[in-house]
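Descriptive analysis of the structure
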Amino acid sequence: TYGKAAQLLVAKECEFRDQEPGSVLGHNFHKLLLIVLNHISDLNMQSVVRAASLGQLARASASAVPSATAAVKDTPLPTAAPLVVQAPVSSQVRCYHAGNMDVPDFTYYRRSAVKDPTAKSSETAQDRMAFSYVMAGGFGLGGAYGAKALVNQFISTWSASQDVLAMAKIEIKLADIPEGKNMTFKWRGKPLFIRHRTAQEIEIENGVDPATLRDPQTDSERVKDAEWLVILGVCTHLGCVPIANAGEFGGYYCPCHGSHYDASGRIRKGPAPLNLEVPFYEFPEEGMLVVG
């Protein structure tokens, strides 16, 4: 439709030129003709773009340019020229060479024994090796000392604190305990019996035959000084605390289940299976007892 209208306008424009050349009406009609042709061209391009957006570019090209399809079909394809592959040409440019680059001077850092280029390396090898060995040995010794200190510090964290160590031992003045009496102290949360025995008690306990005892022990095996008996006041039956200077044998008596101990702390009667325990103790000086 637009094509027919354009042909009609062109024919009219030619008539105006023939009848009235150079007239104002013909000039204006010529401008009108150009505007109409431009508008028609814009409409055709818009229709082509719209069709291409819908995936119909081939159909749109054929409709916009009717003779293009035939021209393409009739035109023979040219023969493809052979593909020639050229080797890549390197564009790298070397800016430094062995002869024009300044090398830093490390003479200040070198050992004096190797500064002379004419000297043999084997002549100074022993000195240089000795220096290396000394340095390696020094660093190794320092590292070992540091490791030892670190390990000691780590192991010391497992040791008991000062308050626990203070409770581990107890010092007792023996002059405060009269002869024939028993005193009780608290040591590591347990009752500690210290007995100042008389000569008669010592004689009686030494005369006991160990073969007749449930837990056979002589009196000399249980004491370091015959005058002093040091035992824990915990019954070996069920852990009760015996009473001092009581029982059938004049030593200790546990009223809970009727265990009788003599003046050496040995079980003589009752359900207790063992003698009273003797802790570690010593006499560091005269009149002083340290337990623990």
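Here we summarise the structure given alongside this text. All figures in this text were calculated on a predicted structure; none of them were measured in a lab. (Residues numbered from 1 in each chain as written. Predicted model: local features only at pLDDT ≥ 70, side-chain atom pairs only at ≥ 80, totals over all residues. Heavy atoms only, no water.)

One pass over the structure, following the stated rule, counts 4 aromatic pairs. Centre to centre, the rings of Y108 and Y109 are 5.3 Å apart; their planes meet at 85°, and the pair counts as edge-to-face. Judged on exposure class, the residue Y108 and its partner Y109 are both exposed. Measuring from ring centre to ring centre gives 5.8 Å for Y281 and F283, while their planes differ by 90°; the resulting arrangement is edge-to-face. We classify F283 as partly exposed; its relative accessible area is 29%. Here the basic side chain of R195 rests over the ring of Y252, its NZ or CZ set 5.4 Å away from the ring centre. Sitting over the face of the ring of Y281, K224 holds its NZ or CZ atom 5.0 Å from the ring centroid. (Phe/Tyr/Trp six-rings, centres within 6.5 Å; stacked < 30°, edge-to-face > 60°. Buried < 20%, exposed > 50% of the residue type's maximum accessible area, 1.4 Å probe, protein only. Lys NZ or Arg CZ within 6 Å of the ring centre and 35° of its normal.)

This brings us to the sheet that holds strand β4 (residues 228–232). The strand order across the open sheet formed by 3 strands is β2-β3-β4, and the pairing between neighbours is antiparallel. The two strands at the open ends of the sheet, each matched to only one other strand, are β2 (182–187) and β4. The sheet shows a mean angle of 20° between the axes of neighbouring strands, direction not considered. (Pairing = 2+ DSSP bridges. Helix = DSSP H or I, 4+ residues; strand = E, 2+ residues; numbered from the N terminus. Axes fitted to C-alpha atoms, helices over the stretch in contact; angles between N-to-C directions.)

To continue, consider helix α7 (residues 199–206). Of all the positions in α7, only E201, I202 and E205 are classed as buried. Down the axis, α7 shows its buried residues gathered within 100° of arc, on one side only. Exposed residues on α7 whose side chains face more than 90 degrees from its buried face are A199, Q200 and E203. Contacts made by the buried residues of α7 are with β3 (190–196) and α8 (219–222). (Arc of directions from axis to C-beta. Contact = heavy atoms within 4.5 Å.)

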